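Report on the structure
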Amino acid sequence: MTTSTRIVATAYGEPTTVLGAYASALNADHSKIHDKPADLDFERAAGLLLVGETAADAVATANVSAGDIVLVHGGSGAVGSVVVQLAVKAGATVIATGSSANQSFISGLGAIPVTYGPGLLDRVVAAAPGVITSTIDAVGTDEAIDTSLSLHSADKIVSIAAFGRGGDGIKLVDGSSAESKAHRAQAIPELIAAAASGELVTEIASTYPLADAAKALTELGGSHPRGKIILIP
């Protein structure tokens, strides 16, 4: 079920009229616009595709499949929570890191939760029901990468954030390669359908009218609640 409402998906590296700006209207390539199902509200639609495409790209790059045991760093974050759900849907067992306050949320997504911080490696090993086959990192910290390097080879680590650690041989995804672009484009229909049906959980931390964009940025720069911050024109 669709309406005439559209979702705009903007991939990194693609030419657009406006990228990274706030406006009540913009011009966009029609190929980047997708029907919004009636069951998907505007707030969740606005926060869906960038995080969803990034998560799908990471999961595809890691080649996650049934029987895998995957470690996800940042499993309660906007991208990480979608990574967890996509990996679980693929049939993998997922261990996901997060703060103590987010352990129940991570468990609700279908993952085995562990807290980050000192002793992370020991907690991950204790939680794993077998050999961890790959890592998807959505936080980019040295703790996350160093822990994963202690578990398996660098080529089994995919990160969307640890760009300073590329020299370690980990796989970095930012949407700029032909492979990443293909992963993201292929994922869009399924992401929209899953979000509309409620199968894919995405959270909204808060919403602001466009006139209060500065307040939204202030919240974003601080310790804001779990989920996306949405501007409403």
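Here goes a summary of the coordinates provided. From a predicted model like this one, the values you see are computed outputs, not experimental measurements. (Residues numbered from 1 in each chain as written. Predicted model: local features only at pLDDT ≥ 70, side-chain atom pairs only at ≥ 80, totals over all residues. Heavy atoms only, no water.)

1. Things to note about the environment of Leu 200
Along the chain, the position of Leu 200 falls in the loop between α6 (178-197) and β9 (204-209). Accessibility expressed as a relative area gives 5% for Leu 200, which makes it buried. Discounting residues that sit within four places of it in the chain, Leu 200 has contacts with Leu 48, Val 82, Gln 85, Leu 191, Ala 194 and Ala 195. (Helix = DSSP H or I, 4+ residues; strand = E, 2+ residues; numbered from the N terminus. Buried < 20%, exposed > 50% of the residue type's maximum accessible area, 1.4 Å probe, protein only. Contact = heavy atoms within 4.5 Å.)

2. Section: the layout of surface pockets
Roughly 250 Å³ of volume is contained in the second largest pocket. If you trace the second largest pocket, you find it lined by Ala 56, Val 59, Ala 60, Val 64, Leu 86, Lys 89, Ala 90, His 183, Gln 186, Ala 187, Glu 190 and Leu 191. Elements with a minimum of two residues in the lining of the second largest pocket: α1 (42-61), α2 (78-89) and α6. Of the residues belonging to the lining of the second largest pocket, the class tally is eight nonpolar, two polar and two charged. (1 Å grid on protein atoms, 1.4 Å probe; cavity = no way out; pocket = protein on both sides within 12 Å on 5 of 7 lines; lining within 4 Å. Points joined across faces, edges and corners; volume = space filled by probe spheres on them. Nonpolar A, V, L, I, M, F, W, Y, C, P; charged D, E, K, R; others polar.)

3. Section: the side chain of Ser 76
Secondary-structure assignment places Ser 76 in the loop between β3 (69-73) and α2. With sequence-adjacent residues up to four places away left out, Ser 76 is seen in contact with Ser 81, Thr 97, Asn 102, Phe 105, Ile 106 and Arg 226.

4. Things to note about empty space enclosed by the protein
This structure, assessed with the given rule, holds one cavity of 30 Å³ or more. Taken as a whole, the largest cavity encloses approximately 110 Å³ of empty space. Lining the largest cavity are 17 residues, and of these Ala 78, Ser 81, Thr 202, Glu 203 and Gly 227 lie nearest its centre. Those elements that place two or more of their residues in the lining of the largest cavity are α1 and α2.

5. Some words on the environment of His 183
Here His 183 is to be found in helix α6. Sequence separation between His 183 and Lys 89 is 94 residues, and the spatial gap between their C-alpha atoms is 17 Å. If sequence neighbours within four positions are ignored, His 183 has contacts with Asp 57, Ala 60 and Thr 61.

6. Observations concerning the packing of aromatic side chains
This structure, assessed with the given rule, holds zero aromatic pairs. A cation over a ring is seen here: Lys 36 above Phe 42, with NZ or CZ 4.6 Å from the ring centre. In this structure, Arg 226 packs its charged tip against the face of Phe 105, placed 3.8 Å from the ring centre. (Phe/Tyr/Trp six-rings, centres within 6.5 Å; stacked < 30°, edge-to-face > 60°. Lys NZ or Arg CZ within 6 Å of the ring centre and 35° of its normal.)

7. Quick notes on helix α7 (residues 213-221)
Every α-helix winds through 3.6 residues per turn, so residues three or four apart in the chain are directed the same way. Burial in α7 covers these residues: Ala 213, Ala 216 and Glu 219. With its buried residues spanning 120° around the axis, α7 presents them on a single face. Within α7, the exposed residues directed more than 90 degrees away from the buried face are Ala 214, Lys 215, Thr 218 and Gly 221. In this fold, the buried residues of α7 make contact with β9 and β10 (228-232). (Arc of directions from axis to C-beta.)

8. Re the pairing of strand β6 (residues 134-137)
Side chains Ser 134 and Ile 136 project from β6 onto one buried face, and the interleaved Thr 135 and Asp 137 project onto a second face that is buried too. Across four bridges, the pairing between β3 and β6 is parallel. Residue Leu 71 lies in a different strand from β6, and its bridge partner there is Thr 135. (Pairing = 2+ DSSP bridges.)

In short, the description is geometric, and any link to function would need to be established separately.
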